[in-house]
Amino acid sequence: MAFSFEPTDIPEVILVDGPRYPDHRGFFCELFREEAFRAGGVVGPFVQDNFARSRAGVLRGLHYQNEPHPQGKLVRTLRGKIFDVAVDIRPHSATLGKWVGAVLSEENGRSLWVPPGFAHGYCVLAGPADVFYKVTAPFKAELDRGIQWDDPTIGVEWPMKNPHLSEKDLGLPTFREVEAGGWA
């Protein structure tokens with residue numbers, strides 16, 4: 001069985017399924033194979049791998065990295081369960097301000113491709129959650145940006161109320177504030 005690549009309601013955001021090979025010891029699976037992912041529309045190159053562990057009830061996001069080094073993210077949950085979200089922030093996109101979400105868990109083994117030009121966030125539904133993601137640009141603190149997780153203009157339907165947030169995430173601007181500032 002090969003990887004499968006399913007475009008979401010925002011076609012550039014892609015849900016990835018891959019084969020698992022279980023036996024009496026557990027299972028084996030590939031997390032990434034460049035030629036398969038490139039053919040499926042997930043385009044690198046990937047230059048950095050990130051890992052985050054969060055407890056149940058935590059929400060991280062909505063984060064993005066600004067030009068000239070926007071990050072694409074290939075996100076996978078190795079342990080636990082998250083609701084992963086991508087928000088289109090490309091200024092001239094027909095889907096600007098729209099969002100898509102998917103449940104990623106150790107059980108379903110799915111990954112989500114969040115291309116450059118999208119804000120990203122997730123909430124932990126079952127934890128602790130270990131989230132691994134490959135990115136297409138190295139982190140640059142001076143380009144790190146975000147949008148309020150509960151911004152009414154975007155209207156993400158998070159499957160939890162009153163999440164645990166960082167101080168940084170509590171102080172993020174609204175979508176309209178960021179848009180008015182020119183996404184800088």
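As shown above, the structure is provided for reference.
Predicted, not measured: the structure shown is a model, and the values here were computed from it.

Novice: For the packing of aromatic side chains, give the residues involved together with the corresponding values.
Specialist: This model, assessed by the stated rule, comprises nine aromatic pairs. A ring pair is formed by F3 and F5, whose centres lie 6.3 Å apart and whose planes are at 40°; its orientation type is tilted. With centroids separated by 5.2 Å and ring planes inclined at 85°, the aromatic side chains of F5 and F37 adopt a geometry described as edge-to-face. On the criterion of sequence distance, the pair formed by F5 in strand 1 (residues 4-7) and F37 in helix 1 (residues 34-39) is long-range, its members being 32 residues apart. You can call F37 buried: its relative accessible area is 0%. An aromatic cluster of three or more residues is present, and its members are F3, F5, F32, F37, F46 and W113. The residue whose ring lies beneath R20 is F27, and the NZ or CZ to ring-centre distance is 4.3 Å. One Lys or Arg, K134, reaches over the ring of F32 and ends 5.3 Å from the middle of that ring.

Novice: If you had to explain the nonpolar core to someone new, which residues and values would you point to?
Specialist: Of all hydrophobic cores here, the largest spans 20 residues; its most connected members are V13, I82 and V131. For this core, the elements supplying multiple residues, two or more each, are strand 7 (73-88), strand 8 (99-105), strand 9 (111-114) and strand 10 (118-135). The element best represented in this core is strand 10, accounting for seven residues.

Novice: Can you lay out unusual backbone geometry for me, pointing to particular residues and giving the numbers?
Specialist: Cis geometry is adopted by the peptide bond preceding P45, which originates at G44 and carries an omega value of 5°. Turning to its location among the elements, P45 is positioned in the loop between helix 1 and strand 5 (48-54). Cis geometry marks the peptide bond from G61 to L62, where omega comes out at 10°. Topologically, L62 is positioned in strand 6 (residues 59-65).

Novice: Describe the pattern of salt bridges, naming the residues involved and giving the relevant values.
Specialist: In this structure the tally under the stated criterion is twelve salt bridges. The partner of E34 in a salt bridge is R38, with the nearest N and O atoms 3.5 Å apart. With E34 and R38 both in helix 1 and four residues apart, the pair spans about one turn of that helix. E34 gets classed as partly exposed once you look at its relative accessible area, which sits at 46%. The salt bridge involving E179 is made with R176; its shortest N-O contact spans 2.6 Å. In this pair, E179 and R176 are both assigned in helix 3 (residues 175-180), three residues apart and thus about one turn of the helix distant. Residues joined in a network through salt bridges with shared partners are E6, D17 and R110.

Novice: Can you lay out the side chain of S54 for me, pointing to particular residues and giving the numbers?
Specialist: Take S54: it is sitting in strand 5. A relative accessible area of 4% places S54 in the buried class. For S54, the side chain forms a polar contact with the side chain of R60, separated by 2.7 Å. Residues contacting S54, with those up to four places away along its chain left out, are R60, Y122, V124, G127, P128 and A129.

Novice: For the environment of G155, give the residues involved together with the corresponding values.
Specialist: Position of G155 relative to the elements: it lies in the loop between strand 11 (144-146) and helix 2 (167-170). With relative accessibility at 31%, the residue G155 sits in the partly exposed group. It is 8.2 Å that separates the C-alpha atoms of G155 and W99, two residues lying 56 residues apart in sequence.

Definitions and limits used
Residues numbered from 1 in each chain as written. Predicted model: local features only at pLDDT ≥ 70, side-chain atom pairs only at ≥ 80, totals over all residues. Heavy atoms only, no water. Phe/Tyr/Trp six-rings, centres within 6.5 Å; stacked < 30°, edge-to-face > 60°. Helix = DSSP H or I, 4+ residues; strand = E, 2+ residues; numbered from the N terminus. Buried < 20%, exposed > 50% of the residue type's maximum accessible area, 1.4 Å probe, protein only. Lys NZ or Arg CZ within 6 Å of the ring centre and 35° of its normal. Core = buried A, V, L, I, M, F, W, Y, C linked by side-chain atoms within 4.5 Å. Salt bridge = Lys/Arg side-chain N within 4 Å of Asp/Glu carboxyl O. Polar contact = N/O pair within 3.5 Å; in protein donor to acceptor, adjacent residues only side chain to side chain. Contact = heavy atoms within 4.5 Å.

In short, shape yes, function no, at least from these values alone.
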